[in-house]
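So you can see what is in the structure, the chains are spelled out below.
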Amino acid sequence: MPTENLTYILFSNWQHTLQPFGVDQVEAEKAFNQLVAVYSTPDRHYHTLKHIHHVLSTIQILQGYTNNLAAVQIAAWFHDVVHNTQAEDNEQKSADYALELLSNLGISESTITSVTHLILNTKDHQATVDDYDSQVLLDADLAVFAANSVDYTEYAYAIRQEYSWVPRAEYIVGRRQFLERFLQRSHIYFTPLMSEFAEPCARGNIQEEIQSLVD
């Protein structure tokens, strides 16, 4: 999808999500442009606007499971807004970023609290059995695991590019550990739809990537 089309679609999505909150349109557009700039930096290869679009599209499919759809959608915009591959506090900094920007837009404190909670849960990709909003966001964030073979290969390559500063042998060890943690879980996905239809494909893709790292 051309960048112009993607930006247009995302801007429409952003406006629609903020509409119930009565956000000033000029301020909403400024915030959107700020997010576009952050997600378009040269060091990003996977954690880009394309990823945000994919997450939002998946949330749309899973929206029936949510309690607070708007909070989940807003959290999707901010969950990777800070992405430093050499840091371990990206989720906390992303939550802080969301808190400041959303406060400036006049979003309610209760919504901001929900959004920051959702963002912080993306660190370990775990959600309690009754936290349906986190379950939807996490499933959407990890939907790429169940992508077709071409898109999954593109994803794996993009992640490697984001960690290009890591020596190959060291990257293989770290990446394998990351992937194996998901295989060791009783389930990767939380929502019934993703568990039934995406889980088998995701496990297959992950196993293939691990094997490719060995090869």
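Refer to the structure presented above.
Notes on the structure follow. (Residues numbered from 1 in each chain as written. Predicted model: local features only at pLDDT ≥ 70, side-chain atom pairs only at ≥ 80, totals over all residues. Heavy atoms only, no water.)

Before going further, it helps to examine the overall build of the chain. For the chain, the count of helices and strands is eleven helices and zero strands. Along its sequence from the N terminus, the chain presents helices and strands in the succession α-α-α-α-α-α-α-α-α-α-α. Relative to the compact-globule value of 17 Å for 215 residues, the chain shows a C-alpha radius of gyration of 17 Å, a close match. Judged by the C-alpha coordinates and their principal axes, the chain covers about 55 × 35 × 30 Å. Among the 215 residues that make up the chain, the fraction classed as buried is 47%. A fraction of 66% describes how many contacts in the chain between residues 6 or more apart in sequence connect residues 24 or more apart. Counting only carbon and sulfur atoms, one obtains 52% of the accessible surface of the chain, whose full area is about 11200 Å². Charge centroids of the chain, computed over 12 positive and 28 negative side chains, lie 8 Å from each other. (Helix = DSSP H or I, 4+ residues; strand = E, 2+ residues; numbered from the N terminus. Rg over C-alpha atoms; globule rule 2.2 N^0.38 Å. Buried < 20%, exposed > 50% of the residue type's maximum accessible area, 1.4 Å probe, protein only. Contact = heavy atoms within 4.5 Å. Areas by Shrake-Rupley, 256 points an atom, 1.4 Å probe, with all protein chains shown as cover. Lys, Arg positive; Asp, Glu negative; His and termini not counted. Charge placed at Lys NZ, Arg CZ, Asp CG, Glu CD.)

Under the counting rule described, the total for this entry stands at twelve aromatic pairs. An angle of 50° between the planes, with centres 4.9 Å apart, marks the rings of Phe11 and Phe32 as tilted. Separated by 21 residues along the polypeptide, Phe11 in helix α1 (residues 3–18) and Phe32 in helix α2 (residues 25–39) bring together distant segments of the chain. The same class applies to Phe11 as to Phe32, namely buried. (Phe/Tyr/Trp six-rings, centres within 6.5 Å; stacked < 30°, edge-to-face > 60°.)

The residue His125 is not glycine, and still its phi comes out positive at about 50°. Within the fold, His125 resides in the loop between α6 (109–120) and α7 (132–141).

This next bit is on the side chain of Arg175. Relative to the helices and strands, Arg175 resides in helix α9 (residues 168–183). Here the side chain of Arg175 touches Glu209 through a polar contact of 2.8 Å, side chain to side chain. The residues touching Arg175, leaving out its near neighbours within four places in the chain, are Tyr152, Tyr155, Ile159, Glu209 and Leu213. (Polar contact = N/O pair within 3.5 Å; in protein donor to acceptor, adjacent residues only side chain to side chain.)

Before going further, it helps to spend a moment on the pattern of salt bridges. Taken as a whole, this structure holds seven salt bridges when the rule is applied. In this structure, the salt-bridge partner of Lys50 is Glu154, at a minimum N-O distance of 2.8 Å. Taken together, the positions of Lys50 in helix α3 (residues 49–62) and Glu154 in helix α8 (residues 149–162) put the pair 104 residues apart, joining distant regions of the chain. Between Arg175 and Glu209 there is a salt bridge; the shortest N-O distance is 2.8 Å. Here Glu209 lies in helix α11 (residues 199–214) and Arg175 lies in helix α9, a separation of 34 residues in the sequence. (Salt bridge = Lys/Arg side-chain N within 4 Å of Asp/Glu carboxyl O.)

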